[in-house]
Amino acid sequence: MTLPEDLRTAFADGDADRVIEAARAAAGGNEPTQASADLALFEPRLSDRQGHFAILADQYLDLARSHGLRGVVYHHQHWTGESPAGWRRLFPVPDHLVGTDLTASQRVMDSYSSYFHEALSMGLRETGAVAAVFPTARFLTLPAIARAVSECATVRGAVIGIMETWPVPDCDDQTLVKRAFREAARRLRACGKPVWVFAESEAIGQELLAQGFSDESVRVAPYPAAARLAGKNKERTPRADPHFAALGASRPVHNPGLLAKYLLSGDRAAGAWTVRLNPGLAARHLDQSPATLVDDLRRSGVTVLPRHLDLTAYDEALQAADVMLLPYGERYQTLGSGIFLECVCAGVIPLVPVASTMRALYESLGGKAPAIETLTTAGLAECVNSCSQQWLELRENALSVRDAWLAHPQGPRQWRQRVSDLFAHVSSD
């Protein structure tokens, strides 16, 4: 199989045909492959069952099943291990591999759109789906999604999740992004099918409306898969010190090195600590080996979880925490965070950077937790120590924040209801 890295540069040359042929070969050509289903979910970034993309896919499938709809998930060709039943390989080049190093020129966008439309059309043809779901669409993929939905005769409705912020960080020419939004809006309006569009943030929601998406279709719904934790808080045994956790330190934007340095410092707050981090990234920051770092953390009393956890273990670790430390770097401060919203839904106190959108949302919901003022060990210590001194009061406040978020028009229960309404509509026609 051709590696996606070998195919990326084809888009720079406007050569979508070569990638389309790779997709056709991996999918077994254009012949149907007995993948008949009522719902087709397309997640080109999925390469295994780990992480939030897989959780979100499962949330959609569960809602579909509640309406008697059978689902198929199409994912990245380079899946690790066997695909679960009903999960199929399709995409050789996810959009993030194109946007990482290649300049998103109009030529690249047109080429990628041709390839992506072909891949989506293959999936829709072989399933004959009445509903289509695209949980993590971006400017590179929206025009192709709109075209595939409008052209497919069997599709009666669709859900599109926009995993994007405004301004779009991966494209210097924002006029190209606006053009992609306008093209998608035009096609979706013309086809007349019900399409629910869930935007990651208020800013991208407003931009979608400005480029022609309808008021009826667009809703802001940050990371709706956190809905699975709503109302599932475990009873906490009273204790003197809070249980701290840091479950998000797996990538550079999560500052794993800074987190490790803080945990090994003499300023760490009293209480149990559980972390899940990328030892390789953290160790390079501290100029030591990953094994030595993990040993040092464990000797200091920190519970170090494996980098990859199954969903049950992950949810148990999150729900066991009283306080979650999330020292996100600048890139994530303008985005949402799945772990942050899971904390909100579970009533866990989240400690996030002061200038982040996460902090703004928490305060708008009545949250009183202290914020991380500076991304330094001293800044983390100041925030955590402040939280530790008032954690019982902040825990009660976190439960109020949870209730406010679950009742919020952008919250996960409203997302669930809207998706459920669409599935009910397509299943009754």
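Residues numbered from 1 in each chain as written. Predicted model: local features only at pLDDT ≥ 70, side-chain atom pairs only at ≥ 80, totals over all residues. Heavy atoms only, no water.

Asker: Got a sec to walk through the side chain of R228? Specific residues and values, please.
Answerer: Secondary-structure assignment places R228 in the loop between strand 7 (218-220) and strand 8 (243-249). Of note is the side chain of R228, whose polar atom sits 3.1 Å from the backbone oxygen of A225. Excluding residues within four positions of it along the chain, R228 makes contact with I55, Q59, Y223, L311, Y314, D315, E342 and R416. (Helix = DSSP H or I, 4+ residues; strand = E, 2+ residues; numbered from the N terminus. Polar contact = N/O pair within 3.5 Å; in protein donor to acceptor, adjacent residues only side chain to side chain. Contact = heavy atoms within 4.5 Å.)

Asker: How would you summarise the environment of P256 if you had to cite specific residues and measurements?
Answerer: Residue placement: P256 occurs in helix 9 (residues 256-263). Among the residues examined, P256 registers a relative accessible area of 4% and is labelled buried. Sequence spacing of P256 and F244 is 12 residues, and the spatial spacing of their C-alpha atoms is 16 Å. Other than its neighbours up to four places away in sequence, P256 contacts A249, R251, L277, N278, L281 and A282. (Buried < 20%, exposed > 50% of the residue type's maximum accessible area, 1.4 Å probe, protein only.)

Asker: So what's going on with the packing of helix 9 against helix 16 (residues 377-389)? Residues and values would help.
Answerer: One way to put it is that helix 9 packs onto helix 16 with a least axis distance of 9 Å and a crossing angle of 65°. As judged from the angle between their axes, helix 9 and helix 16 are roughly perpendicular. Regarding helix 9 and helix 16, the two cross each other, and that crossing is right-handed. Contacts between helix 9 and helix 16 pair L258, K261 and Y262 from the former with T377, L380, A381 and V384 from the latter. (Axes fitted to C-alpha atoms, helices over the stretch in contact; angles between N-to-C directions. Parallel < 35°, antiparallel > 145°, perpendicular 65-115°, else oblique. Left-handed = near helix turned anticlockwise from the far one by under 90°.)

Asker: Let's hear about helix 15 (residues 357-364): which residues, and what values?
Answerer: Those residues of helix 15 that fall on the buried side of the exposure criterion are M358, R359, L361 and Y362. In a view along the axis of helix 15, the buried residues occupy a sector of 160°, so they form one face of it. With its phi angle positive at about 90°, G366 sits one or two positions after the end of helix 15. (Arc of directions from axis to C-beta.)

Asker: How would you sum up the sheet that holds strand 1 (residues 39-43)? Please name residues and give values.
Answerer: Overall, parallel pairing links the seven strands, which are arranged 3-2-1-4-5-6-7 in an open sheet. Two strands lie at the open edges of the sheet, namely strand 3 (87-91) and strand 7, each paired on one side alone. Strand-to-strand twist across the sheet, computed as the mean angle between neighbouring axes with direction ignored, equals 20°. Packing of helix 5 (residues 106-127) onto the sheet brings it into contact with strand 1, strand 2 (71-76), strand 3 and strand 4 (131-137), and relative to strand 3 it is tilted by some 150°. (Pairing = 2+ DSSP bridges.)

Asker: I'd like a description of the packing of aromatic side chains, backed by residues and values.
Answerer: Under the definition given, this model contains 12 aromatic pairs. Aromatic pair Y115 and F116: ring centres 6.3 Å apart, planes at 65°, arrangement edge-to-face. Look at F244 and W273: their rings are 4.5 Å apart centre to centre, the planes differ by 15°, and that puts the pair in the stacked class. In this pair, F244 sits in strand 8 while W273 sits in strand 9 (residues 272-277), placing the two residues 29 residues apart along the sequence. With relative accessibility at 1%, the residue F244 sits in the buried group. Among the aromatic residues, those joined into a cluster by ring pairs are F42, Y74, F91, Y112, Y115, F116 and F134. If you follow R418 out to its NZ or CZ, it ends over the ring of W196, 3.8 Å from the centre. (Phe/Tyr/Trp six-rings, centres within 6.5 Å; stacked < 30°, edge-to-face > 60°. Lys NZ or Arg CZ within 6 Å of the ring centre and 35° of its normal.)

Asker: Hey, could you go over helix 12 (residues 311-320) for me, with residue numbers and the actual values?
Answerer: Turning to helix 12, its buried residues number three or more, namely Y314, D315, A317, L318 and Q319. Near the N-terminus of helix 12, the side chain that reaches the backbone nitrogen of T312, with its oxygen 3.3 Å away, is that of D310.

Asker: Can you lay out the sheet that holds strand 9 for me, pointing to particular residues and giving the numbers?
Answerer: In space, the five strands of this open sheet follow the order 10-9-8-11-12, with parallel pairing throughout. Taken across any chain shown, the strands that pair with only one partner, and hence form the sheet edges, are strand 10 (302-304) and strand 12 (349-351). Strand-to-strand twist across the sheet, computed as the mean angle between neighbouring axes with direction ignored, equals 25°. Contacts between helix 9 and the sheet are confined to strand 8, strand 9, strand 10 and strand 11 (323-325), with strand 9 contributing the most and set at about 155° to the helix.

Asker: How would you explain the state of the cysteines if you had to name every residue and give the values?
Answerer: Note on terminology: a disulfide is the covalent bond linking the sulfur atoms of two cysteines. Within this structure, the stated rule accounts for zero disulfides. Take C343: it sits in no disulfide, and the sulfur closest to it among the cysteines is that of C345, at 9.7 Å. (Disulfide = S-S within 2.5 Å.)

Asker: Outline unusual backbone geometry, listing residues and values.
Answerer: Residue Y223 is not a glycine yet carries a positive backbone phi of 25°. With respect to the secondary-structure elements, Y223 resides in the loop between strand 7 and strand 8. The backbone phi angle of D287 is positive, close to 60°, even though this residue is not glycine. Looking at where D287 falls in the secondary structure, it is placed in the loop between helix 10 (279-286) and helix 11 (290-299).

Structural measurements only, silent on function.
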